[in-house]
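Survey of secondary and tertiary structure
So you can see what is in the structure, the chains are spelled out below.
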Number of protein chains: 2
Amino acid sequence: MRKDGKSGFTARGEATRLRIIEAAAEIVYAEGAAGMSLDEVMDASRTSKSQLYHYFCDKDALIQEVIGRQTRRIVEANAPHLDKLDSFDALRSWCNMIIEANRTFGAIGGCPLGSLASELSAQSEQARAGLANGFEAWRSIIAEGLARMKNQDKLMPSADTQALSMAFVAAIQGGILLSKTSRNSQPLEVALNMALSHIERYVVAPAER
Amino acid sequence: MRKDGKSGFTARGEATRLRIIEAAAEIVYAEGAAGMSLDEVMDASRTSKSQLYHYFCDKDALIQEVIGRQTRRIVEANAPHLDKLDSFDALRSWCNMIIEANRTFGAIGGCPLGSLASELSAQSEQARAGLANGFEAWRSIIAEGLARMKNQDKLMPSADTQALSMAFVAAIQGGILLSKTSRNSQPLEVALNMALSHIERYVVAPAER
DNA sequence: CACGAATTGGACTGTTCAGTCCATTTTTGG
DNA sequence: CCAAAAATGGACTGAACAGTCCAATTCGTG
């Protein structure tokens, strides 16, 4: 047995494992965790039952991996924007990216993390904890971006970056949910405008700095 | 056959029908629509299979009734507060009611409408439409309350009550989702504070009126 | 190359579930 | 009180599904 990293799987095995998670993530996004059948995953990932149970101890374990993958994807998609947050305009353009992304991919399925959180938080403590970590990771990079703005004197010292970032995630989630339900991007736009205004109160006017 | 109202069922039949909807609503709230089995509904409502199919053409039709029931309950719970909205403080105390209600009943299950919307909007066009109506009914009574405040010169004429009410529902939904996932009421509180501040900008100061 | 480990194929099982069907009981209106 | 309609009981069916199991194949390494 060759040890590649610490996974205990060979390169081929690891590739299969990833293919399964990828396929499962898509199906979960489209049909929910309860709606995903292992047969569908087998078809979509070109694997067999024994492979599924070779790499994951049961369906719940696979769902848990899907949660991790979706968290990583969201953080990866947002970090580039948040890492160079240096003005209120930059914040606004990040919001526009979210609106655009929702229009393009999420108009029907919504936020992959939000949908899973809604479905699983009350059903599985393990899933709930994983999803809470996911939201926290997301909120955290937003908070860091805001903190950076504060350090650059773009935001007032009184701005509570922890609370502001949390409110932002809430606005995103609520907006996406209403947009998905009404099939209209307006609720998300309205919610993000609220979140932006909320932060705008703490923006330091150019003259002041 | 006696015609009671327009339902086509006798009083006993109508009572059975309601008992089924009530039981289904509780189970759906606890386990989701996909997680609800008809056998559970039968047990909880003390009915048989044939009764379920006598009153509802299939499971989807029953779920649709559950959506209607939950909408009505939310509107009924909020209307008393929103009908006498006459100050920013009244708005604030309505928010406190929401936080309290969430702590008491919804800490685990979240918002019955929000959870269903998240689960079903992408799966069933009929359910999505029903849920969109539900959110719209809720938003609408909030908008009416804000409009009343505007008529009483408590809010500036420039306040867009339609957009403000929509943002409020988004904040509620996002806050409830994060609170349910993190098992902490703080996200909901933070989100509602944001929504309140957002409206506070349009409050007419006592001196001005 | 050979041997053990990793990987894969796929049949099989037991359960759960939505939906069907027919028989029985209860109620209603004349 | 009696026929017709409404309401109910509950067995049954077929499909979907998670999970098990054993055999076959491929791969890595000495």
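Residues numbered from 1 in each chain as written. Chains lettered and ligands numbered in written order. Predicted model: local features only at pLDDT ≥ 70, side-chain atom pairs only at ≥ 80, totals over all residues. Heavy atoms only, no water.

**Here's the deal with the overall build of chain A**
As a reminder of what qualifies: What counts as a helix is a DSSP run of H or I of at least four residues, what counts as a strand is a run of E of at least two, and both are numbered from the N terminus. Any residue under 20% of the maximum accessible area for its type is buried, any over 50% is exposed, and the rest in between are partly exposed; the area is computed with a 1.4 Å probe on protein chains only. Note on areas: Shrake-Rupley, 1.4 Å probe, and residue coverage restricted to the protein chains presented here. In this tally, Lys and Arg are treated as positive and Asp and Glu as negative; His is ignored, and so are the chain termini. One atom stands in for each charge, and that atom is NZ of Lys, CZ of Arg, CG of Asp or CD of Glu.
Scanning chain A for helices and strands turns up 9 helices and 0 strands. Listed by position from the N terminus, the elements making up chain A come as α-α-α-α-α-α-α-α-α. Dimensions of chain A along its principal axes, counting C-alpha atoms only, are 65 × 40 × 30 Å. Out of the 209 residues in chain A, the part that is buried amounts to 51%. Split by element, the accessible area of chain A, about 9,700 Å² in all, is 51% carbon and sulfur. Within chain A, one finds 24 positive and 25 negative side-chain charges whose respective centroids are separated by 3 Å.

**Topic: the domain arrangement of chain A**
Residues and elements named next belong to chain A. Stated precisely, the cut-off is as follows: Throughout the structure description, domain borders are defined by an automatic or database domain assignment. Working rule for contacts: check all heavy atoms of both residues, and any pair within 4.5 Å makes them a contact. Here's the idea: put two parts together, see how much 1.4 Å probe accessible area each one loses, and the total over both is what we call buried area. In the sections that follow, a salt bridge refers to a side-chain nitrogen of Lys or Arg positioned within 4 Å of a carboxyl oxygen of Asp or Glu. Here a polar contact means two N or O atoms within 3.5 Å. Within protein one must be a hydrogen donor candidate and the other an acceptor candidate, and residues neighboring in sequence count only if both atoms are side-chain atoms. Here the term charged refers only to Asp, Glu, Lys and Arg, the term nonpolar to Ala, Val, Leu, Ile, Met, Phe, Trp, Tyr, Cys and Pro, and the term polar to all other amino acids, Gly among them.
Domains assigned within chain A are domain 1 (1-56) and domain 2 (64-208). Using only C-alpha atoms to locate each centre, domain 1 and domain 2 end up separated by 29 Å. Taken together, the 11 residues of domain 1 in the interface contact 14 residues of domain 2. Both sides of the domain 1 and domain 2 interface together cover about 870 Å² of buried area, and 63% of this is carbon and sulfur. Looking only at domain 1, the three residues that lose the most surface to domain 2 are Ile-21, Ala-25 and Tyr-29, adding up to 54% of its buried area. The interface formed by domain 1 and domain 2 contains 3 salt bridges. One can count 4 residue pairs in polar contact (both at pLDDT 80 or more) joining domain 1 with domain 2. Of the residues that constitute the side of domain 1 that touches domain 2, the class distribution is 8 nonpolar, 1 polar and 2 charged.

**Topic: the UniProt feature "DNA-binding region" (unreviewed entry) in chain A**
What counts, and what does not: UniProt positions are given in the numbering used here, feature names are shortened, and annotations may be inferred rather than shown by experiment.
Here the UniProt-annotated "DNA-binding region" (unreviewed entry) positions come out as residues 37-56 of chain A. Between the first and last C-alpha atoms of residues 37-56 of chain A the distance is 14 Å; the span itself is 75% helix and 0% strand.

**Examining empty space enclosed by the protein**
Left-over empty space is what a probe sized like a water molecule reveals as it rolls over the atoms. The cut-off we apply is this: Throughout, the protein atoms alone are placed on a 1 Å grid, and a set of points is a cavity if a 1.4 Å probe fits but cannot get out or a pocket if it is open with protein on both sides within 12 Å along at least five of seven lines; lining residues have an atom within 4 Å of a point. Grid points are joined across faces, edges and corners, and a volume is the space filled by probe spheres set on the points.
Applying the stated criterion across every chain yields a total of 3 cavities of 30 Å³ or more. As for the largest cavity, its lining consists of 21 residues, of which A:Gly114, A:Ser118, A:Leu177, B:Ser118 and B:Leu177 are closest to the centre. Of all the elements in the fold, those that place two or more residues in the lining of the largest cavity are helix H6 (112-120) and helix H8 (161-182) of chain A together with helix H6 (112-120) and helix H8 (161-182) of chain B. Of the residues in the lining of the largest cavity, the class split is 6 nonpolar, 13 polar and 2 charged.

**Re the pattern of salt bridges**
Within this structure, the stated rule accounts for 20 salt bridges over all chains. In this structure, the salt-bridge partner of B:Arg73 is B:Glu22, at a minimum N-O distance of 3.8 Å. You can see B:Arg73 sitting in helix H4 (residues 59-83) and its partner B:Glu22 sitting in helix H1 (residues 11-31), a full 51 residues away along the chain. A single network of salt bridges, built from pairs that share partners, joins A:Glu14, A:Arg17 and A:Glu65.

**Observations regarding the UniProt feature "domain: HTH tetR-type" (unreviewed entry) in chain A**
UniProt annotation of "domain: HTH tetR-type" (unreviewed entry) refers to residues 14-74 of chain A when read in the numbering used here. For residues 14-74 of chain A, the helix share is 80%, the strand share is 0%, and the end-to-end C-alpha distance is 22 Å.

**Thoughts on the relation of the copies chain A and chain B**
Using the following cut-off: When the copies are superposed, the least-squares fit draws on C-alpha atoms of residues that have pLDDT of at least 70 in both.
Laying chain A over chain B is done by rotating through 180° and shifting 0.0 Å along the axis; what remains is an RMSD of 0.0 Å. The transformation just described matches what one would write down for a two-fold rotation axis. Closest to the rotation axis within chain A is the C-alpha of A:Gly174, separated from it by 1.9 Å. Mapped onto chain B, 100% of the interface residues of chain A are again interface residues, and the two copies thus contact each other with one and the same surface.

**As for the packing of aromatic side chains**
All names here are of chain A. To be explicit about the condition: In this scheme Phe, Tyr and Trp rings, the latter by its six-membered ring, pair at centre separations within 6.5 Å, and the angle between planes marks the pair as stacked below 30 degrees, edge-to-face above 60, and tilted otherwise.
Tallied over the entire structure, the rule returns 4 aromatic pairs over all chains. For the pair Trp-94 and Phe-168, a centre-to-centre distance of 5.2 Å together with 40° between the ring planes defines the contact as tilted. A residue pair is termed long-range when its members are at least 10 positions apart, and Trp-94 in helix H5 (residues 88-109) and Phe-168 in helix H8 qualify at 74 residues. In this structure, Trp-94 and Phe-168 share a single accessibility class: buried.

**A closer look at the packing of H5(A) against H8(A)**
Residue and element names in this part refer to chain A. The condition is simple: Structural elements are reduced to axes, namely lines fitted to C-alpha atoms, with helices fitted over the stretch in contact, and the angle between N-to-C directions of any two is expressed from 0 to 180 degrees. If you view the pair so one helix is near and one far, a crossing is left-handed when the near helix is turned anticlockwise from the far one by less than a right angle, and right-handed when it is turned clockwise.
Contact pair H5 / H8: the axes reach a minimum separation of 10 Å and the direction vectors enclose 35°. In this structure, H5 crosses over H8, and the sense of that crossing is right-handed. Mapping the contact onto sequence places Trp-94, Cys-95, Ile-98, Asn-102, Ala-107, Ile-108 and Gly-109 in H5 and Phe-168, Ile-172, Ile-176, Ser-179 and Lys-180 in H8. Taken together, the residues of the contact of H5 with H8 sort by class into 8 nonpolar, 3 polar and 1 charged.

**Side note on the environment of A:Asn184**
Structurally, A:Asn184 can be placed in the loop between H8 and helix H9 (186-200). Taking the C-alpha atoms as reference points, A:Asn184 and A:Arg103, 81 residues apart in sequence, are found 8.8 Å from one another.

**Comments concerning the interface of chain A and chain B**
It is common to report an interface's size as the accessible area lost on association of the parts. Listed by partner, the interface residues are 40 residues for chain A and 40 residues for chain B. At the boundary of chain A and chain B, one finds 2 salt bridges. Counting every contact that joins chain A to chain B gives 10 residue pairs in polar contact (both at pLDDT 80 or more). Of all the secondary-structure elements, those providing two or more residues to the side of chain A that touches chain B are helix H1 (11-31), H6, helix H7 (125-151), H8 and H9 of chain A. It is H8(A) that provides the largest number of residues to the side of chain A that touches chain B, a total of 14 residues. A class-by-class count of the residues in the side of chain A that touches chain B yields 21 nonpolar, 13 polar and 6 charged.

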